[in-house]
Every structure is written in C-alpha cells, then in structure tokens.
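The primary structure of each chain is shown beneath.
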Amino acid sequence: MRRWLVFAALSAGLFFSCNPSNPVPIPQVSTFAGSGTEGTADGKGAAAQFHNPVNLAFDDAGNLYVADFHDDNPGRIRKITPDGTVSTLFTDPTFSRPFGIDYHMGFLYVSTDRDSTGQPRSSLWKIDVSNGNHTIPVDNINEGRERGLVVAADGRIYLSDRTNNVIMRIDLSGANPEVVQLAGLRGPGAYQDGTGDGANFNTPYGLAVLGSDVLVADSGNNCVRRVTPAGVVTTFAGVCGPGGYKDGNLSEALFKGLQDLAVDGAGNVYVSDNGNHRIRKISGGKVSTIAGSGTAGFKDGPLLEAQFYGQEGIDVKPGGSALFVADGNGGNEPQPYRRIRQVPLP
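Residues numbered from 1 in each chain as written. Predicted model: local features only at pLDDT ≥ 70, side-chain atom pairs only at ≥ 80, totals over all residues. Heavy atoms only, no water.

## Section: the overall build of the protein
The following threshold applies: Starting at the N terminus, helices and strands are each numbered in turn, a helix being any DSSP run of H or I of at least four residues and a strand any DSSP run of E of at least two. Three exposure classes are used, based on accessible area relative to the maximum for each residue type with a 1.4 Å probe and protein chains only: buried under 20%, partly exposed in between, and exposed over 50%. Between two residues, a contact is recorded if the distance between any of their heavy atoms is within 4.5 Å. With residues, only the protein chains shown are counted as cover, and all accessible areas are computed by Shrake-Rupley using a 1.4 Å probe. The charge count includes Lys and Arg as positive and Asp and Glu as negative, but it does not include His or the ends of the chains. Where a charge lies is defined by one atom per residue type: Lys uses NZ, Arg uses CZ, Asp uses CG and Glu uses CD.
Across its full length, the protein carries 1 helix and 29 strands. Over its C-alpha atoms, taken along the principal directions, the protein stretches across nearly 65 × 45 × 35 Å. Counting only residues that meet the buried cut, the protein has 53% of its 346 residues in that class. For the protein, the proportion of contacts with a sequence separation of at least 24, taken over those separated by at least 6, is 42%. As displayed, the protein has an accessible area near 13,900 Å², and 51% of this comes from carbon and sulfur atoms. Averaged over its 29 positive side-chain charges, the protein has a centre that lies 6 Å from the centre of its 35 negative ones.

Right under this line is the structure:
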C-alpha cells in the first residue's frame, strides 16, 4: 500500500522529503509530454515530439489540446489524454501557424496567422474534437496576429490582436459571423484605460474569462487588463510600464512580458510571466510566485527551483489539481524546448 501511495504521488507531480519517519510530499514541476526533440511523432510522455507548442486548452473530460505552431509546414492540433498519450487530432496543408485555442461544447476554436490561401490574414477554425472534422467560420478576421482566444459562456469568441493592439469579438450565433472591434485603438501600442477605442493596449497576448469579463495579458505594458462586454477597459493587476519582478498587492506587483492567463474554478488567476520565467498567481488581492526560479532553461523539480523557457499558453486542469504549460522554444530556433509541463496546485 505504501509503495502504491508513493507511485501515485510521483505521478501527481510530488516527491517526498528524505526523512523516512516523516515523508512529507513536496510539490514539483514535471514534464507531462515531449522530450525537447523537434518532430511530429505521437506517443506517450517523452516518446512524443512537438515542433513548438505555443498554446493549450482542456476539454471537460481532462483531455488536453495543444496548438503546435510551425513557421513553414502545416501546423497541428495535438491531443493528450489524461495518461499522457499524444496523438495528432488535426492537420491540413492550409492550416498554418495556429496559436490561439479554446474548447467549447465539443469543439475547438483556433486562430491562425494565415488564411486558407496562405495569405497573412488571421482566420478562425472550428474543429470537432470527436473526429477532427473542421470548418472555417471566418477566413479573414484581419491582417493581424491573434495570440489570445477564449470562448465565453454565451459562445462569443474573444481574440487579442498583438499586431494592431486591439481586442476583437466574434459572434457565430447568427446566419453570418459578426466580427467587431471591442476595445483598443488600432495602431501603435500604448497604455490607456477607457472604453472602446478610447483605450490602448501594447501587444496584447493571452486571454482568460473571469465572470462576465475578459482578462488580457497586456504583454508590452507588462500588466493584466480587464475588459467588460461593453468594451470598458481597466487595469486589473500590475504596474503598467517598463516591467520587472515583484510580488505583492495588485497595484504594486511587477510583471515582465506576460504571455497568457488562466482562471480556476475558485476565481484564482494564473499568469505565464515569460519575461521573468515564472508562473504567478493572483488571489485575494495579491500576486505571488508559485513556480519558476527566474532562470531560463529546462529543469523539473521543486516549484521554485524549476526552469521554464518559452512558456506561452497555460490552462488549469478540470478540478483545479494542476496547471499545464506549453513550454516551447519562444520562436528561437533551434532551442531544444518543446515540452508540456505540469505544475501542481494546492
């Protein structure tokens, strides 16, 4: 029985202190899939290969879907079952540079940097997770790069355009897709709270839904912004400016080049703080660091000793037991960082 408990704890991302009389489990960051070797091989755990895993999303059953970005060849959507087995759910010669991804009611919604003809115009794809069948609801959102994508409870889709510094919203409920610019002034990056185009963003990246609002990882401004369905933009956490590293109250905390956000069932917000190579948590009006030593690289181990490199997309496993990280190469070839990492949560 004791051996089984130890094995179960290790599988959950824990290891024990070396005091045999008091084996206290110590949380650790672990690799869930991938070995760092570039490729497209399917398989379990370290046998699987990725090119550049940039984003991910869970379905209700605990399956994880990964946007495997590729600059030249077709991109892929990979599926990882709860036991770590990786397969390719979808790829197509016209499916190029997938990045934003979210799951909603049996379908994945994915944004790509190029449309189905290969032109540099972002498009929205809808993929059935049961069989990989797909449609392209919007084949030309705009000439931008959508990095964040979330689907709200009402089915409306929000996207962040890092090139044009705006937040878009797509409604697929009618006979024709409705695409609107919800917030941000199209043009150079800047910082300003306000409503609609009276607000400014600077390279907005990942998105997350919090209640009826959308949170934005405003990467160039080094802070987290909040957008209401009416397009009202406020600053949610962090000092918007040059950036840095500091835990503490929301109005004093510092981030640097944050990439993505995730929210658990209790309303805690998690931040992929790529510039600081750490995972941060926003809860109870404060920001804290939950994983990462601050050194770029690859290292599994105790939470604050672990190393991340190209940490971009993150998502919380259903039930809230762990946070998963798409730890890719950050677009820096030929860096050997192509893994899906797992961070246990309290």
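On we go from here.
## So, the pairing of strand β12 (residues 146-151)
Rules: Any two strands are treated as partners once DSSP identifies two or more bridges connecting them.
Within β12, 6 of the 6 residues are buried, leaving the element largely enclosed by the surrounding structure. Where β12 and strand β13 (residues 157-161) come together, 5 bridges link them in antiparallel fashion. Bridge pairing in β13 links valine 151 to isoleucine 157.

## Side note on the pattern of salt bridges
Counted only if it meets this: Criterion for a salt bridge: a side-chain nitrogen of Lys or Arg within 4 Å of a carboxyl oxygen of Asp or Glu.
The tally for this structure, following the rule as stated, stands at 16 salt bridges. In this structure, aspartate 83 and lysine 44 form a salt bridge, with 3.9 Å as the shortest nitrogen-oxygen distance. On the criterion of sequence distance, the pair formed by aspartate 83 in the loop between β6 (76-80) and β7 (85-91) and lysine 44 in strand β3 (residues 43-44) is long-range, its members being 39 residues apart. Across the pair arginine 338 and glutamate 333 runs a salt bridge, and its minimum N-O distance is 3.1 Å. By sharing partners, the salt bridges in this structure join Glu38, Glu333 and Arg338 into a single network.

## Here's the deal with the sheet that holds strand β8 (residues 98-104)
In plain terms, the rule: Axis geometry follows a simple rule: fit a line to the C-alpha atoms, using only the stretch in contact for helices, then measure angles between N-to-C directions, giving values from 0 to 180 degrees.
If you trace the 4 strands from one edge of the open sheet to the other, you get β8-β9-β10-β11, paired in antiparallel fashion. Of all strands in the sheet, those with a lone pairing partner are β8 and β11 (134-138), marking the two edges. The sheet shows a mean angle of 25° between the axes of neighbouring strands, taken without regard to direction. The pairing of strand β10 (residues 123-128) with β11 spans 3 bridges and is antiparallel. Counted as the bridge partner of leucine 124 is valine 138 from β11.

## Considerations on the state of the cysteines
Quick note on the threshold: When the sulfur atoms of two cysteines come within 2.5 Å, that pair is taken as a disulfide.
For the structure shown, the criterion picks out 1 disulfide. The disulfide bridge from cysteine 223 ends at cysteine 240, spanning 2.0 Å between sulfur atoms. Taking the sign of the S-S torsion, about 100° here, the bridge from cysteine 223 to cysteine 240 comes out right-handed. Of this pair, cysteine 223 sits in strand β19 (residues 223-227) while cysteine 240 sits in the loop between β20 (232-237) and β21 (248-249); the two residues are 17 residues apart in sequence, bridging distant segments of the chain.

## Some remarks on the sheet that holds β21
Reading across from one edge, β21-β25-β24-β23-β22 is the order of the 5 strands in this open sheet, with antiparallel pairing throughout. Looking at the sheet topology across the chains shown, the edges are occupied by β21 and β22 (258-263). Direction of pairing for strand β23 (residues 269-273) relative to strand β24 (residues 278-283): antiparallel, over a ladder of 5 bridges. In the sheet register, serine 272 faces β24, and the bridge partner there is isoleucine 279.

## Here we look at the packing of aromatic side chains
In this description, a pair of aromatic rings is defined by centroid distance and the angle of the planes. Spelled out, the test is: Ring pairs are drawn from Phe, Tyr and Trp, using the six-membered ring of Trp, whenever the two centres fall within 6.5 Å, and their geometry is named by plane angle: stacked under 30 degrees, edge-to-face over 60, tilted for the rest.
Scanning the entire structure with this criterion turns up 8 aromatic pairs. Ring centres of phenylalanine 32 and phenylalanine 324 lie 5.0 Å apart, and the angle between their planes is 85°; this geometry places the pair in the edge-to-face category. With phenylalanine 32 in strand β2 (residues 25-33) and phenylalanine 324 in strand β28 (residues 322-328), the pair connects residues that are 292 residues apart, well separated along the chain. Note on accessibility: phenylalanine 32 and phenylalanine 324 belong to one class, buried.

## Some points on the side chain of asparagine 164
Counted only if it meets this: For the purposes of these results, a polar contact is taken to be a pair of N or O atoms within 3.5 Å, where, inside protein, one atom must be able to donate a hydrogen and its partner to accept one; residues adjacent in sequence count only when each atom of the pair is a side-chain atom.
Within the secondary structure, asparagine 164 is located in the loop between β13 and β14 (166-171). When its relative accessible area of 13% is taken as the criterion, asparagine 164 is described as buried. Within the structure, the side chain of asparagine 164 is placed 2.8 Å from the side chain of aspartate 161, a separation counted as a polar contact.

## Comments concerning the UniProt feature "repeat: NHL" (unreviewed entry) in the protein
What counts is decided by this rule: UniProt positions are given in the numbering used here, feature names are shortened, and annotations may be inferred rather than shown by experiment.
Within the UniProt annotation, "repeat: NHL" (unreviewed entry) is assigned to residues 255-285. In the segment residues 255-285, helix accounts for 0% and strand for 55%; the C-alpha atoms at its two ends are 15 Å apart.

## A word on unusual backbone geometry
With an omega of 0°, the peptide bond between glutamate 333 and proline 334 qualifies as cis. The phi torsion at asparagine 222 lies on the positive side, around 60°, for a residue other than glycine. Along the chain, asparagine 222 falls in the loop between β18 (213-218) and β19. Taking the relative accessible area as the measure of exposure, asparagine 222 reaches 6% and is therefore buried. With phi around 55°, histidine 277 is a residue other than glycine that occupies positive phi space. Take histidine 277: it is sitting in the loop between β23 and β24.

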